[in-house]
Amino acid sequence: MKAAVLQRRGPDGVSWRDFPDPVPTAGESVLKVAASSVNRVDLYMRDNGGGITHTLPQVMGVEAAGEVSEAAPGSGLRPGMKAVLFSEAFCGQCRYCLAGDQPLCENVRIMGEHRHGGFAEYIAMPNSCFFPLPDDADLAAAGALMTGHLTAWRMLFGKRALQPGESVMIVGIGGGVAVACLQLAKLVGARVFVTSSSDEKIARAIALGADGGVNYRHDKVSAAIQQMSGGVDMVIDSVGEASWGESLRSLRRGGRLVTCGATTGSNPPADLQRVFIRQLEIYGSTGGSVAEFRQLLDVFNRGLVRPVIDSTFKMADAPAALARLASGAQFGKVSLVA
């Protein structure tokens, strides 16, 4: 088959080339990939990969949707049916899997990170990772759904769910997770405020339903958010060090901050006095569970949410798609199609 293979670190280390076809082991089936999308973790794997157990060369890509090409006996799958992959091959046996909290699996092997990924013509994954789609499903949209929208779903509705009428500030609107958070928060009737260094991105967010925005290059975020909202109930922050202080100061008393990344650094000032005096909550989030993915797919299949696609590239042009994501100019998902 052909695949986008990471041979060595750096932008020139990824190429679309021949690679051995996947050989499914017991309990695995094979998907013919129709679509995927690029994510920040793909850039991390390309340029660093530290802390993730893997061996090069490796097929990249943490998302995939397409049609089943080989169905394992007893899987309930059939060749030709449309499906989207749950990207985490979880063990099903550790305390977290038994509790239904697969993102905390002690033995997880994520496609495109610990095992070969979805930037390819074919991919093998455990049967439990295949989620059937309706015959009329848009595979390009489904291929851009798993990472951004499932991460957003768990952040918003996981430990302490965002409620109708509550308010949320999304730091750095434009990325796939941030735009997904905007869509899902509006879906449940929350007020949404966004930040960005781009007036154009703020305008696009408002066109999607955001209630206001702050350009952090021109205005102090916390002052503007406090003026617009009186302090938000929740902040979604994947930026980390550069935005952390303003994120904490944008919360109301008793508010909560949810983080899923630290693109500007992982050691922000703790500001512990603010945390305990105002009784703020801070918690981390990544991925989502099988149950949460089923909930998201139900919403997707009913046409209530659809990923915002910034740009679409052929799978063979994966290096160019990665460059688009690395530029930071995107608004929504950078899609890959077969």
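Residues numbered from 1 in each chain as written. Predicted model: local features only at pLDDT ≥ 70, side-chain atom pairs only at ≥ 80, totals over all residues. Heavy atoms only, no water.

Let us look at the nonpolar core. Counting residues in hydrophobic clusters, the biggest one holds 83 residues, and the most contacted among them are F86, L156, I170, I173, I236 and F293. Counting 16 residues, the second-largest nonpolar core is a separate cluster that includes V214, V221, I225 and V232. (Core = buried A, V, L, I, M, F, W, Y, C linked by side-chain atoms within 4.5 Å. Buried < 20%, exposed > 50% of the residue type's maximum accessible area, 1.4 Å probe, protein only.)

Right, let's get into the sheet that holds strand β1 (residues 2-6). Spatial strand order, β2-β1-β4: three strands in an open sheet with antiparallel pairing. Of all strands in the sheet, those with a lone pairing partner are β2 (14-18) and β4 (58-59), marking the two edges. Pairing between β1 and β2: five bridges, direction antiparallel. Bridge assignment links A3 to a residue of β2, and that residue is R17. (Pairing = 2+ DSSP bridges. Helix = DSSP H or I, 4+ residues; strand = E, 2+ residues; numbered from the N terminus.)

Okay, helix α11 (residues 318-327) next. Within α11 the residues assigned to the buried category are A318, A321, L322 and L325. Projection of α11 onto a plane perpendicular to its axis shows the buried side chains occupying an angular sector of 100°, all on one side. For α11, the elements touching its buried residues are β1, β2, β3 (28-38), α1 (40-47), β17 (309-314) and β18 (333-337). Just downstream of α11 lies G328, where phi reads positive at about 75°. (Arc of directions from axis to C-beta. Contact = heavy atoms within 4.5 Å.)

Here we come to the packing of helix α4 (residues 146-157) against helix α10 (residues 290-301). Where α4 contacts α10, the two axes come as close as 10 Å, and the packing angle between them is 110°. When the interaxial angle is binned, α4 and α10 end up roughly perpendicular. For the crossing formed where α4 meets α10, the hand is right-handed. On α10, the residues touching M146, H149, L150, W153 and R154 of α4 are E292, F293, Q295, L296 and V299. (Axes fitted to C-alpha atoms, helices over the stretch in contact; angles between N-to-C directions. Parallel < 35°, antiparallel > 145°, perpendicular 65-115°, else oblique. Left-handed = near helix turned anticlockwise from the far one by under 90°.)

For sheets, the rule is that strands pair by backbone hydrogen bonds, running either parallel or antiparallel. Here six strands make up an open sheet; going across it, the order is β13-β12-β11-β14-β15-β16 and the pairing parallel. A strand with exactly one partner marks an edge of an open sheet, and here the two such strands are β13 (212-215) and β16 (281-284). For this sheet, the mean inter-axis angle between neighbouring strands, taken without regard to orientation, is 20°. In terms of strand pairing, strand β14 (residues 232-237) meets strand β15 (residues 251-259) through five bridges, oriented parallel. Note that in β15 the partner of D237 across the bridge is T259. Lying on the sheet, α4 is in contact with β14 and β15; it crosses β14 at an angle near 150°.

Moving on, we get to the environment of T147. By secondary structure assignment, the location of T147 is in helix α4. Put simply, T147 and K314 are 167 residues apart on the chain and 19 Å apart in space, counted from C-alpha to C-alpha. With residues near it in sequence (within four places) discarded, T147 still touches N39, V62, E63 and K333.

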